[in-house]
Amino acid sequence: MPYFVATYAYTPDTATRDEVRPAHREWLGGLGERLVLSGPTDAEGAFLVFDAPDAAAVESLLDEDPFHGRGIVAERRVVGWTPVKGRLVDAL
């Protein structure tokens, strides 16, 4: 089954990011089974993996993210991903 990976690149506005982070994490928690995993990167961004019917569905979800609404996401990309090998493949 293909998954969809979203990457975020954040703006340099760390004060607003810190302020909105609790709402962002609450939003993530409400995604249920659609969100496979997520977390920040060491490059001022984030990596999110979704189980969704298509990239458009993921884009629609991401539009609801408080980080997006407050302008914290400078750049976002969604691509399809099919896990093939690795220690987590069986968990997916």
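For the structure itself, look to the data block above.
Conventions we followed
Residues numbered from 1 in each chain as written. Predicted model: local features only at pLDDT ≥ 70, side-chain atom pairs only at ≥ 80, totals over all residues. Heavy atoms only, no water. Helix = DSSP H or I, 4+ residues; strand = E, 2+ residues; numbered from the N terminus. Buried < 20%, exposed > 50% of the residue type's maximum accessible area, 1.4 Å probe, protein only. Pairing = 2+ DSSP bridges. Phe/Tyr/Trp six-rings, centres within 6.5 Å; stacked < 30°, edge-to-face > 60°. Core = buried A, V, L, I, M, F, W, Y, C linked by side-chain atoms within 4.5 Å. Contact = heavy atoms within 4.5 Å.

A. Highlighting the environment of Asp13. Looking at where Asp13 falls in the secondary structure, it is placed in the loop between strand 1 (3-10) and helix 1 (14-29). On the basis of relative accessibility, which here comes to 35%, the residue Asp13 falls in the partly exposed class. Each C-alpha atom of the pair Asp13 and Gly71 lies 9.3 Å from the other, and the pair is 58 residues apart in sequence.

B. Summary view of the pairing of strand 1. Counting buried residues in strand 1 gives six out of eight residues, a clear majority hidden from the surface. By the bridge criterion, eight bridges tie strand 1 to strand 4 (residues 73-81) in an arrangement that is antiparallel. Looking at strand 4, one finds that Tyr3 is bridged to Trp81. As paired elements, strand 1 and strand 3 (residues 45-50) share six bridges and run antiparallel to each other. Within the sheet, the bridge partner assigned to Ala9 lies in strand 3 and is Gly45.

C. Structural view of the packing of aromatic side chains. Here the structure, examined in full by the defined rule, presents three aromatic pairs. Considering the side-chain rings of Tyr3 and Trp81, the 6.3 Å spacing of their centres and the 50° angle between planes classify their relative orientation as tilted. Note that Tyr3 is positioned in strand 1 and Trp81 in strand 4, a separation of 78 residues in sequence. Note on Tyr3: relative accessible area 5%, which makes it buried. The partly exposed category is assigned to Trp81, whose relative accessible area is 34%. When the ring of Tyr10 is compared with that of Phe67, the centres are 5.5 Å apart and the planes differ by 90°; the resulting orientation is edge-to-face. You can see Tyr10 sitting in strand 1 and its partner Phe67 sitting in helix 3 (residues 66-69), a full 57 residues away along the chain. Taken together, the ring pairs connect Tyr8, Tyr10 and Phe67 into an aromatic cluster.

D. Representation of the nonpolar core. Within the largest apolar cluster, 20 residues are counted, with the highest numbers of intra-cluster contacts made by Tyr8, Tyr10, Leu31, Leu48, Phe50, Val58 and Leu62. Here the element with the most residues in this core is strand 1; it accounts for four residues. Ignoring any residue separated from it by four or fewer positions in sequence, one finds Leu48 in contact with Phe4, Val5, Ala6, Tyr8, Leu28, Leu35, Leu37 and Ser38.

Worth remembering: the numbers are spatial, not functional.
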